[in-house]
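Analysis of the macromolecular model
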Amino acid sequence: MGSFGESKVFTEHQEALVLKSWSVMKKNAPELALKFFLKIFEIAPSAQKIFPFLRDAKVPLEQNPKLKPHALNVFTLACESAVQLRKGGIAAARETTIKRLGASHFKYGVVDEHFDVTRFALLETIKEGIPEMWSVEMRGAWAEAYDQLVAAIKAEMKPSS
Ligand code: HEM
């Protein structure tokens, strides 16, 4: 499979766009995180089955306190991935994290469609979160950071030894 993050150039400008927008969105992180997750389940209700804490939850979906941390994880790791892409690739910088995420997401039963829905929901959430900063370039920068992160995770999606 080769190494990640080197096939396409992630520019300094793209990194700046991701970091700048995240620093603004961070102020509103809990609300954004919830929106992000509800979008995923609106498009793909069956994805709820993947989350162990939702299977027998007694509180309504939108009030589940455990949703937010995952949404924030996706945001922050995509952001970190943007920074790492500029430094020469995700795999080299965060091998243990990516290996762990690959093994855990394999175990949860996450498949390509889940990553696709999450990608769509992430970009929509950013668009709605920072309408004044949104642009084709901004979309491209986040999409690339997410795609590279997911490619790295998918390459490690195998049972942990
Ligand atoms: C847990 C990151 C995509 C489902 C986690 C954790 C992290 C994380 C850091 C906690 C540590 C762990 O369990 O390994 C990410 C990133 C993603 C991503 C960076 C995309 C770039 C997805 C997708 C799904 C998913 C698409 C399914 C729709 C889960 C589940 C857990 C989890 C079910 C366990 C949650 C729990 O039991 O609290 N993820 N994830 N993840 N993720 Fe993801």
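Keep in mind that what you see is a predicted model, and the values were worked out from it rather than measured.

Brief notes about helix α4 (residues 67-86)
- Given a rise of 1.5 Å per residue, 20 residues ought to cover 28 Å, and the 30 Å separating the end C-alpha atoms of α4 matches this to within 8%.
- Note on α4: the residue one or two positions beyond its end, G88, has a positive phi of about 115°.

Some thoughts on the coordination of the iron atom of the ligand
- Coordination of the iron atom of the ligand by the protein involves H70 (NE2) and H105 (NE2), with metal-donor separations of 2.0 Å.
- Here the iron atom of the ligand binds six donor atoms, and the angle range of 88 to 179° at the metal identifies the geometry as octahedral. On the criterion of sequence distance, the pair formed by H70 in helix α4 and H105 in helix α6 (residues 95-108) is long-range, its members being 35 residues apart.
- Given a relative accessible area of 24%, H70 falls into the partly exposed group.

Here we look at helix α7 (residues 112-129)
- Spanning 18 residues, α7 covers 26 Å between terminal C-alpha atoms, matching the ideal 26 Å at 1.5 Å per step.
- Considered for burial, the residues of α7 that qualify are H114, F115, V117, T118, A121, L122, L123, T125 and I126.
- In this fold, the buried residues of α7 make contact with α1 (12-25), α2 (29-43), α4 and α8 (136-155).

Things to note about the packing of aromatic side chains
- Throughout the structure, instances matching the rule amount to eight aromatic pairs.
- Consider the rings of F36 and F75, whose centres lie 5.4 Å apart with planes at 65°: the pair is edge-to-face. Here the residue F36 occupies a position in helix α2, and F75 occupies one in helix α4, the gap between them amounting to 39 residues.
- Look at F36 and you get buried, because its relative accessible area is 0%.

Points about the site of the ligand
- In the region of the ligand, 20 residues are neighbours, and H70, S104, H105, Y108 and T118 sit closest.
- Take H70: an N or O atom from its side chain is 2.7 Å from a nitrogen atom of the ligand.
- For the ligand, a nitrogen atom lies 2.8 Å from a polar atom in the side chain of H105.
- Among the elements of the structure, α3 (52-55), α4, α6, α7 and α8 are those that each provide at least two residues to the shell around the ligand.
- Ranked by the residues each element gives to the shell around the ligand, the list is headed by α6, at five residues.
- Its residues assigned to classes, the shell around the ligand shows 13 nonpolar, six polar and one charged.

Structural notes on the nonpolar core
- M25, F36, I40, F41, F75 and W142 are the most contacted members of the largest nonpolar core, which has 48 residues in total.
- When contributions to this core are tallied by element, the ones reaching two or more residues are α1, α2, α4, α6, α7 and α8.
- In terms of residue count, α8 provides more of this core than any other element does, 10 residues in total.
- Each residue touching M25, except ones within four places of it in the same chain, is listed here: L32, F75, I126, I130 and W142.

Side note on the pattern of salt bridges
- Evaluated as defined, the whole model comprises eight salt bridges.
- Taking the shortest distance from any N to any O, the salt bridge between E156 and K158 comes out at 3.7 Å.
- Given the relative accessible area of 42%, K158 is considered partly exposed.
- Overlapping salt bridges bring together E12, E15 and R86 as one network.

Cut-off values and rules
Residues numbered from 1 in each chain as written. Predicted model: local features only at pLDDT ≥ 70, side-chain atom pairs only at ≥ 80, totals over all residues. Heavy atoms only, no water. Helix = DSSP H or I, 4+ residues; strand = E, 2+ residues; numbered from the N terminus. Expected span 1.5 Å × (residues − 1). Donors = N, O, S within 2.8 Å, 3.2 Å for Na, K, Ca; no water. Tetrahedral: all angles 85-135°; square planar, octahedral: opposite > 155°, others 65-115°. Buried < 20%, exposed > 50% of the residue type's maximum accessible area, 1.4 Å probe, protein only. Contact = heavy atoms within 4.5 Å. Phe/Tyr/Trp six-rings, centres within 6.5 Å; stacked < 30°, edge-to-face > 60°. Near = heavy atom within 4 Å. Polar contact = N/O pair within 3.5 Å; in protein donor to acceptor, adjacent residues only side chain to side chain. Nonpolar A, V, L, I, M, F, W, Y, C, P; charged D, E, K, R; others polar. Core = buried A, V, L, I, M, F, W, Y, C linked by side-chain atoms within 4.5 Å. Salt bridge = Lys/Arg side-chain N within 4 Å of Asp/Glu carboxyl O.

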